[in-house]
Amino acid sequence: MKKAANIYWLGVKELRSFSHDFVLLGLVVYAFSLAITLQARSNSQELHNASIAIVDEDHSELSRRIAHAFFPPLFQPPQLIAERDIIPAMNKGRYTFVIDIPPDFERYVLAGQQPGLQINVDATAMVQAGLGSSYAQQIVTTEIADFLSHAEGVKPSTVNLDVRIAFNPNLTTAWFTSVMAVINNVTMLAIILAGAAVVREREHGTMDHLLVMPLTPFEIALSKVWANGLVIAVAVGLSLYLVLRGMLGIPVAGSLPLFMVGVVIYLFFATAVGIFLGTVARSMPQLGLLYMLVYLPMNMLSGGNTPLESMPPWLAKFMQVSPSTHFVAFAQSILYRGAGLDVVWPQFLAVAVIGALFFGLAILRFRSVVAQAT
Amino acid sequence: MNAADQSVAVLENLTQSYGKVTALDGVTISIPADCMVGLIGPDGVGKSTLLAIIAGARQNQSGSVTVLGGDISDTKHRASVCPRIAYMPQGLGKNLYPDLSVRENIEFFARLFGQARDERTWRIAELLDSTGLAPFEDRPAKKLSGGMRQKLGLCCSLIHDPDLLILDEPTTGVDPLSRRQFWELIDRIRARRSGMSVIVATAYMEEAERFDWLAAMNAGKVLATGSPAEFKASTGAATIEDAFIALLPEQQRSAHRVLQIPPRHFFDGEPIITAHDLTCRFGDFTAVDRVNFTIERGEIFGFLGSNGCGKTTTMKMLTGLLPPTAGEALLFGKPLDAGDANSRYRVGYMSQSFSLYTELTVRQNLDLHARIFHLPAQKAALRIAELASYFGLEAYLDQRTLDLPLGIRQRLSLAIAIVHEPAILILDEPTSGVDPLARDRFWEALIDLSRNQGVTIFVSTHFMNEAERCDRISLMDSGRVLATGTPAELVKARGAAKLEDAFVSYLEAATAPRIPIIEHRGAPDRADHPPQGRAAARSVFSLQRLLAYTIREALELLRDPIRLGFSLLGTTLLMLVFGFGVSTDVNNLSFAVLDRDQSPESRAYLEELRGSSYFVEKASLANDAELDSRLKSGDISVAIEIPPSFGRDIKSGRPVWVSALVDGAMPFRAETIRGYLQGMHQLYLADPAVKTTQPSASPPADIELRFKYNQDFDSIYAMVPSNMSLLLALFPAILMALAIVREKELGSITNLYVTPVSRLEFLLGKQLPYIAVAMTNFTLMMLLALFVFKVPLKGSFLTLLGGVLIYVTTMTGYGMLISTFTKTQIAALFGTAILTVLPATQFAGMMTPVSSLAAEAQIIGRAFPMTYYVPISVGTFTKGLGFTDLSGDLLALAIFVPIMTMLSVALLRKQER
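Residues numbered from 1 in each chain as written. Chains lettered and ligands numbered in written order. Predicted model: local features only at pLDDT ≥ 70, side-chain atom pairs only at ≥ 80, totals over all residues.

With that settled, the discussion passes to the overall build of chain B. Looking only at helices and strands, chain B has 35 helices and 25 strands in total. By the compact-globule yardstick of 29 Å for 913 residues, chain B is too spread out, its C-alpha radius of gyration being 37 Å. Projected onto its principal axes, the C-alpha coordinates of chain B cover approximately 125 × 70 × 50 Å. Buried positions account for 50% of the 913 residues belonging to chain B. Contacts in chain B between residues far apart in sequence, at least 24 positions, make up 76% of those at least 6 positions apart. (Helix = DSSP H or I, 4+ residues; strand = E, 2+ residues; numbered from the N terminus. Rg over C-alpha atoms; globule rule 2.2 N^0.38 Å. Buried ≥ 20, exposed ≤ 12 C-beta atoms within 10 Å, placed from the backbone. Contact = placed C-beta atoms within 7 Å.)

A separate point is the overall build of chain A. When its secondary structure is counted, chain A shows 15 helices and five strands. Here chain A has a C-alpha radius of gyration of 28 Å; the compact-globule value for 374 residues is 21 Å, and the former is much larger. C-alpha atoms of chain A, sized along the principal axes, occupy 95 × 45 × 40 Å. Burial analysis of chain A (374 residues in total) assigns 53% to the buried set. Of the contacts made within chain A by residues no fewer than 6 positions apart, 81% connect residues no fewer than 24 positions apart.

Attention now goes to the interface of chain B and chain A. Across the contact, 112 residues belong to chain B and 105 residues belong to chain A. Sort the elements by how many residues they give to the side of chain B that touches chain A and helix 26 (residues 667–686) of chain B lands first, with 13 residues. A per-class count over the side of chain B that touches chain A returns 60 nonpolar, 37 polar and 15 charged. Note: strand 5 (residues 159–166) of chain A against strand 24 (residues 656–663) of chain B, eight bridges, orientation parallel. Residue pairing across strands places A:Arg164 opposite B:Leu661, the latter belonging to strand 24 of chain B. (Nonpolar A, V, L, I, M, F, W, Y, C, P; charged D, E, K, R; others polar. Pairing = 2+ DSSP bridges.)

Attention now goes to helix 9 (residues 240–247) of chain B. Residue and element names in this part refer to chain B. Within helix 9, the full set of buried residues consists of Ile-240, Ala-243 and Phe-244. Take helix 9 and look down its axis: the buried residues cluster within an arc of 100°, on one side only. In the core, the buried residues of helix 9 are packed alongside strand 3 (36–40), strand 9 (213–218) and helix 8 (228–235). (Arc of directions from axis to C-beta.)

To continue, consider the pairing of strand 9 of chain B. Regular strands place their side chains on alternate faces of the sheet. Residues and elements named next belong to chain B. Pairing between strand 3 and strand 9: four bridges, direction parallel. Bridge pairing in strand 9 links Ile-40 to Ala-216. Of the pairings in the sheet, the one linking strand 9 to strand 10 (residues 221–226) comprises five bridges and is antiparallel in character. Paired with Asn-218 across the two strands is Lys-221, which belongs to strand 10. Linking strand 9 to strand 10, which pair antiparallel, is a turn of two residues; within it Ala-219 sits at a positive phi near 50°.

A separate point is the environment of B:Leu402. Residues and elements named next belong to chain B. With respect to the secondary-structure elements, Leu-402 resides in the loop between helix 14 (377–390) and helix 15 (406–417). Residues Leu-402 and Leu-735, spaced 333 residues apart in sequence, show a C-alpha to C-alpha distance of 32 Å. Once residues within four sequence positions are removed from consideration, Leu-402 is found in contact with Thr-358 and Glu-359.

Residues and elements named next belong to chain B. Strand order in the open sheet formed by four strands is 12-11-14-15, and the pairing between neighbours is antiparallel. For this open sheet the edge positions go to strand 12 (285–295) and strand 15 (334–335), each flanked by a neighbour on one side alone. When strand 11 (residues 273–282) meets strand 14 (residues 326–331), the two strands line up antiparallel, connected through five bridges. The residue of strand 14 that forms the bridge with Ala-275 is Ala-329. Sheet strands in contact with helix 11 (residues 311–318) are strand 11, strand 12 and strand 14, and its direction is about 120° off that of strand 11. (Axes fitted to C-alpha atoms, helices over the stretch in contact; angles between N-to-C directions.)

Turning to the packing of helix 8 of chain B against helix 9 of chain B, a few remarks are in order. All names here are of chain B. The interhelical angle for the contact between helix 8 and helix 9, taken along N-to-C directions, is 55°, at an axis separation of 9 Å. With respect to helix 9, the axis of helix 8 lies oblique. The element helix 8 and its partner helix 9 pack so that their crossing is left-handed. Here helix 8 contributes Pro-228, Phe-231, Lys-232 and Thr-235 to the contact with helix 9, which in turn contributes Ile-240, Ala-243, Ala-246 and Leu-247. (Parallel < 35°, antiparallel > 145°, perpendicular 65-115°, else oblique. Left-handed = near helix turned anticlockwise from the far one by under 90°.)

Our next topic: the packing of helix 8 (residues 173–204) of chain A against helix 14 (residues 323–335) of chain A. All names here are of chain A. Contact geometry of helix 8 with helix 14 gives a least axis separation of 11 Å together with a crossing angle of 150°. Considering how the two elements wind past one another, helix 8 and helix 14 form a crossing that is right-handed. Residues Val-179, Ile-183 and Thr-187 of helix 8 form the contact with helix 14, whose participating residues are Ser-324, Phe-327, Val-328, Ala-331 and Leu-335. Its residues assigned to classes, the contact of helix 8 with helix 14 shows six nonpolar, two polar and no charged.

Okay, the sheet that holds strand 7 (residues 164–168) of chain B next. Residue and element names in this part refer to chain B. Read across the open sheet, the six strands follow the order 6-7-8-3-9-10; overall the sheet is mixed. Each of the sheet's edge strands pairs with one partner strand only, and the pair in question is strand 6 (85–88) and strand 10. Taken over all neighbouring pairs, the strand axes of this sheet differ in orientation by 15° on average, direction set aside.

Okay, unusual backbone geometry next. Residue and element names in this part refer to chain A. In the segment running from Pro-72 into Pro-73, the intervening peptide bond is cis, with an omega of 5°. Relative to the helices and strands, Pro-73 is located in the loop between helix 4 (61–68) and strand 2 (79–80). Not every positive phi belongs to a glycine, and Asn-49 is a case in point at roughly 60°. Along the chain, Asn-49 falls in the loop between helix 3 (34–41) and strand 1 (52–56). Look at Asn-49 and you get partly exposed, because 17 C-beta atoms sit within 10 Å.

All right, on to the confidence of the model for chain B then. Residue and element names in this part refer to chain B. Chain-level statistics for chain B give a pLDDT mean of 86 and a share of 95% at 70 or above. Confidence, read as mean pLDDT per element, is least for helix 1 (residues 2–6) in chain B (54) and greatest for helix 31 (residues 797–819) (96). This stretch, residues 514–525, has a pLDDT under 50; its non-local contacts, to residues over four places away or in other chains, come to 10 contacts. Interface confidence in the predicted complex, given as ipTM, is 0.86; pTM for the same model is 0.86. (pLDDT = per-residue confidence, 0-100.)

Let's shift gears to the environment of A:Pro313. Residues and elements named next belong to chain A. Secondary-structure assignment places Pro-313 in helix 13 (residues 313–318). Given 10 C-beta atoms within 10 Å, Pro-313 falls into the exposed group. In this structure, the C-alpha to C-alpha distance between Pro-313 and Leu-211, residues 102 residues apart in sequence, is 45 Å.

Moving on, we get to the nonpolar core. The biggest cluster of nonpolar side chains holds 380 residues, and the ones touching the most others in it are B:Ile166 and B:Leu728. In contact with B:Ile166, other than residues within four places in its own chain, are B:Leu51, B:Ile54, B:Ala55, B:Ile85, B:Ala86, B:Tyr87, B:Met88 and B:Ile199. (Core = buried A, V, L, I, M, F, W, Y, C linked by C-beta atoms within 7 Å.)

For chain A, the mean per-residue pLDDT works out to 88, and 96% of the residues sit at or above 70. Least confident of the elements in chain A is helix 3 of chain A, whose mean pLDDT is 83; most confident is helix 11 (residues 256–280) of chain A, at 95.

Set out below in structure tokens:
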């Protein structure tokens, strides 16, 4: 009872201090509003406005049809260039795609001689090149088929493939990027808020003060966990309802309350890591440097930026240790695929266990911290 | 010019305010030349501001300030007199560099004043000899005692033979022997350098006696000026301290009454606090060395000693914050147990710099502590009201602690320490930084607690007159207790006139063999030689000054393992992480099949998928429900469903539809999967074996996809050079910004303000080491790229090298620019990280080519240097390009260098506001 009261009042103190720190407050508001919409609207993961040039050595109706088949928003209007310009232009990175239509292309097509047509792809522009090349190939194929169907009848193929996309039928990237932005920002802020709360107390000498009072490191640490966690949980909740659903109009398949339960468990872990780092670092700048080395890998490798399947198997396995990976996994399950607790409970459990581990480490380090502080 | 002949500085109607605080309020004063001038007054009355303005470190907001015959606000005059002024800011060694050795520190200053090697060598030797620092010339400044640090500060100030020496509280927190030696040193220097004016600020009123001329300050105003004798005569006081109090405005003075200390009651029973051979070591440094003492109930026991002599460490051991290395501490006769919460209810602690939650109000602070000690609500309310009235805090209850004057905060801090009515009070330097009147009021409270409530008080101080108020004191030095007893006993034991002399005598006995002061050697006295560097000091640009900063920065970086480790290994670590983990290749995709036909035809169709290296098959699906649930849990990314009569329909030529359901949770992945599936379907149709079973036309044209530069379309060839660009943007910018803001935060930026170094020299000098660090980073990452990731360099290495050099110069410049508008290191770190990562990943062509961005995003991209480096990095690595292909990007990148530098120079201040 006394313990609970201590934890409560220390947490209230934490919240009061936080409400006066306008820089941090501003950072939290920004991270869960503007930063989310910015990232949702960026289209770095889809084909958009790709630059394309066409070398038309045929000057036929078919070659013109092909040129006209590329248009915004997927492609920029194609530029006509000469054959000798292909290499210099691609070296300069001016065009990601250059389609080379050889002389007499149309004639050979009509004659059924299967003429060659080259699509040159700048394979250093990975995302665009990967997505765009199959689009470009399909557009050209369709144009030729259309052209031929006007010239002669077409025989439909017997076996057909119908690819449907589950959960996000139109593949709107904003659905994905906005939620991943929320997740990344939870990790980013929870660690630094809790870490800074510890270092600030040490720099101001109030940590000594707390430790000579009838308080245990457990109470001090837990008060920081709940207070900082609460701030971010509220921010995430508001962001989901107001920004994601309201402003961006993103449909959520599963249960938001279930997701919030997951967020709270994850926040326990992230704030515990922050407190742990706060006990390792001796000053704010050191905390900042350490934080970057911890946060960046945790975030970049969580599966929210590139799929885990694409990593080397040892790394993908290793990342199972990081709760950020489980966070991304259960967020995708709940929010996109509408999964329930029966599906995500193992991930919840993993996050909680790893969180408890860091929390324990942080408490162990608490006292030794003061010894160094002189 | 007449006034300037007799006055070293003339100030007229100078008013200076910062926010709501008025630091100086219409100060008009002319400070005589060729003598020792003392500025006396408590902390926070504007002494430091005044000195900083005279030194040219701060801009004056109004009025006129004439120093050494010219207007100090005039940049030209400041540049010409700055080699004649030396300024030592407040705070022990604040303008020194703790990681540098004694000699390196002095050398740095000598270089700033343009001294050649010969001159430097003999000047340093002479200064080290005369200050007794010669035996310690290789010791890092951070390992010096307070007194030695002040001497080092003095050496650094005197290296260029100034005509005006400005010392801001040079002896605060220094032990009395070192203090005495310091003043003797100043006297010797003045004797040899006739015509040198010295202006000193001090909070120790006793010291004021030795100055030729005094100015007493209070609340931003000068109360009086004159010689010490005139001071005492005009007020009829016996000491300067009394004279000062007499000069204070009526209302402030009326609160003052002479402190009465009633005799102490002696209680029976065992001592409350006992220390037995208490020892604390940090590594090989012994902070507290076999300390013994006992404190009786109701006693006021004092620890007197300089900063860093072990007072705080001893107190921390007594509160259980720090476990002793050896020996033991007894509280109430029982060994101290750090885990014992009950004993903590009986101890009140006030740490140095009164640690309060400054964001909370006075009431919230009191309330929080009452709650932690679990005072019942009603009792807590009563107790808080009682304390508030006792300490005169009622008027401030709902104000934020941050906005309160120091004296009030100090009383609040004491109130908090006794909320729970402890039996012991441990107070660590509770009065530093507080004016004499506030200090007296604080002591009244302590005496009341001791005499009327039987509270045992253990207090540390570096003020003699406070020590005299204690029942008993221990004199401490270098971790040891020199003597313990009542102040009178100690004075008597050494046959001294007052406590200070007794302390000095104890110190001399203890330390005389340790710090030999080498009196002036027989060498020719060259101190009066005009410094040769003076002419050089006025030059507009000096490579020597620039290199002084380069050498210093490099030494500091090499000696800071955390910063060095971060700067050298941080990029390598992240390069490994990104290289292995960040990829746009989509493979190892899991799929499962719901084959409702199970015919040779259906297996033939699936053959194509099963043979693909992109896909991994998982257990087959039994029904729609399983398909649904496994897709939902993320177990599979694609489900392929083949209709029941697949084989039959093919044979009879009826169109059939195979359906694929792709997990759309990650759109990029889904899109790629769709492309793969369609490609595979085409292959199936083109398969000659398939053709025989169904009628199909050969495709009308042969569309060939040519992946240029990267035939296998493996993302590592693009990602590795791109990641290198990102890391070479982020790290150099952060390290550079930190390096500059660090000086602002630690105070050594003052050296930029008051020495001849120009802003350009300062910035470029600090930039060079970080360019070198960045080039080392580049080399390490290059090796990783070649040997770990096996990404070959296909193009010109020299072009890449040149590009990197220009790029990291630009990016350190970018960090420089950000540092000009950040004040703290943490803000610089986050500011730089956010302002680098966002444009770097979104707008600089790393993921999306700049040409595909929206118009405004393109503008941001074009204004960010990385946009021009990515083509160089990717171009030389993967596209196999050389100088001619990339000259445009190189040129664009090069243009940033002068822009960043010029903007930073323009935005950096050469004076504090």
